[in-house]
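Structural overview
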Amino acid sequence: MRFLLPKSRILFQTATRPFVPAFTNASKFSYKQQQLRLLSESTRQAIERVLSAKPVVLFMKGTPESPQCGFSRASIQILGLQGVDPKKFVAFNVLENNEIREGIKEYSNWPTIPQLYVNKEFIGGCDILVSMYQSKELGDLLEKEKVLVPPEESADANAEKPSS
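Residues numbered from 1 in each chain as written. Predicted model: local features only at pLDDT ≥ 70, side-chain atom pairs only at ≥ 80, totals over all residues. Heavy atoms only, no water.

Some remarks on the overall build of the protein
The condition that has to hold: Runs of E in the DSSP output that reach at least two residues are strands. Runs of H or I that reach at least four are helices, and both are numbered from the N terminus. Burial status follows relative accessibility: with a 1.4 Å probe on protein chains alone, a residue under 20% of its type maximum counts as buried, one over 50% as exposed, and anything between as partly exposed. By the convention used here, residues are in contact when the closest approach between their heavy atoms is within 4.5 Å.
Counting its secondary structure elements, the protein contains eight helices and four strands. Shown N-terminal to C-terminal, the secondary structure of the protein runs as helices and strands in the order α-α-α-β-α-β-α-β-β-α-α-α. Burial status across the protein gives 30% buried among its 164 residues. Within the protein, contacts between residues separated by at least 24 positions form 65% of all contacts whose residues are at least 6 apart in sequence.

Have a look at this one:
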């Protein structure tokens, strides 16, 4: 008598088990280690230099003044609404460097751009930023990391604006 697993059980086991070719030693490495192996050392170092430039880094398509995709535009708007200090923010235009454009996806293990980092920690893409903004988590995180415009500066800026 043969015992067979139901088809659904077989499909579940196949779908959840990662594919590791039998002829490689890939099974000895974690998924993150395998991903980092695909990233060239020079690209990794370039990404880390960008991440070290300022506490808040946005890898985006285009520039803050001229975003080249709707998701990058939304991300910039959210950071502006939150009051991120321009002195603590830098945007990197991935359209100018294809190696970093592809490398940042491997570095973060996140398939899309834009990507936000705060103090070298990957936060997420546009969908995550929108969700965090709506739940007030993003404001709390940015405040905790001390990357918002200080209250006295924002009060001074409002006082200098002429009223209509």
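Things to note about the environment of Glu106
Structurally, Glu106 is set in helix 5 (residues 98-108). Among the residues examined, Glu106 registers a relative accessible area of 21% and is labelled partly exposed.

Side note on helix 7 (residues 137-144)
Put simply, the rule reads: It is the directions from the helix axis to the C-beta atoms that the arc portrays.
Every buried residue belonging to helix 7 is among Leu138, Gly139, Leu141 and Leu142, and all of these are buried. Seen from one end, helix 7 has its buried residues packed into an arc of 165°, which puts them on one side. Projecting away from the buried face of helix 7 at angles above 90 degrees are the exposed residues Glu143 and Lys144. Trailing helix 7 by a residue or two, Lys146 shows a phi angle of about 60°, which is positive.

Considering the packing of helix 4 (residues 70-82) against helix 6 (residues 126-134)
Keep this limit in mind: Only the contacting stretch of a helix is used when fitting its axis, a line to C-alpha atoms as for every element, and angles between N-to-C directions run 0 to 180 degrees. Any angle that is under 35 degrees is reported as roughly parallel, and any over 145 degrees as roughly antiparallel; angles of 65 to 115 degrees are reported as roughly perpendicular and all others as oblique. Helix crossings fall into two classes, left-handed where the near helix is turned counterclockwise from the far one by less than a right angle and right-handed where it is turned clockwise. In this classification, Asp, Glu, Lys and Arg are treated as charged, Ala, Val, Leu, Ile, Met, Phe, Trp, Tyr, Cys and Pro as nonpolar, and every other residue, Gly included, as polar.
Remark: helix 4 packs on helix 6, axes separated minimally by 9 Å, with the N-to-C direction vectors making an angle of 30°. With respect to helix 6, the axis of helix 4 lies roughly parallel. For the crossing formed where helix 4 meets helix 6, the hand is left-handed. Residue-level inspection shows Phe71, Ala74, Ser75, Ile78, Leu81 and Gln82 of helix 4 in contact with helix 6, the latter providing Cys126, Leu129, Val130 and Tyr133. Considered class by class, the residues forming the contact of helix 4 with helix 6 number eight nonpolar, two polar and no charged.

Considering unusual backbone geometry
Note the cis peptide between Ile113 and Pro114, where omega equals 20°. In the Ramachandran plot, Asn119 falls in the positive-phi region, its phi being about 50° despite a non-glycine side chain. Among the structural elements, Asn119 can be located in the loop between strand 3 (115-118) and strand 4 (121-124). The backbone phi angle of Lys120 is positive, close to 70°, even though this residue is not glycine. Looking at Lys120, the relative accessible area reads 52%, which means it is exposed.

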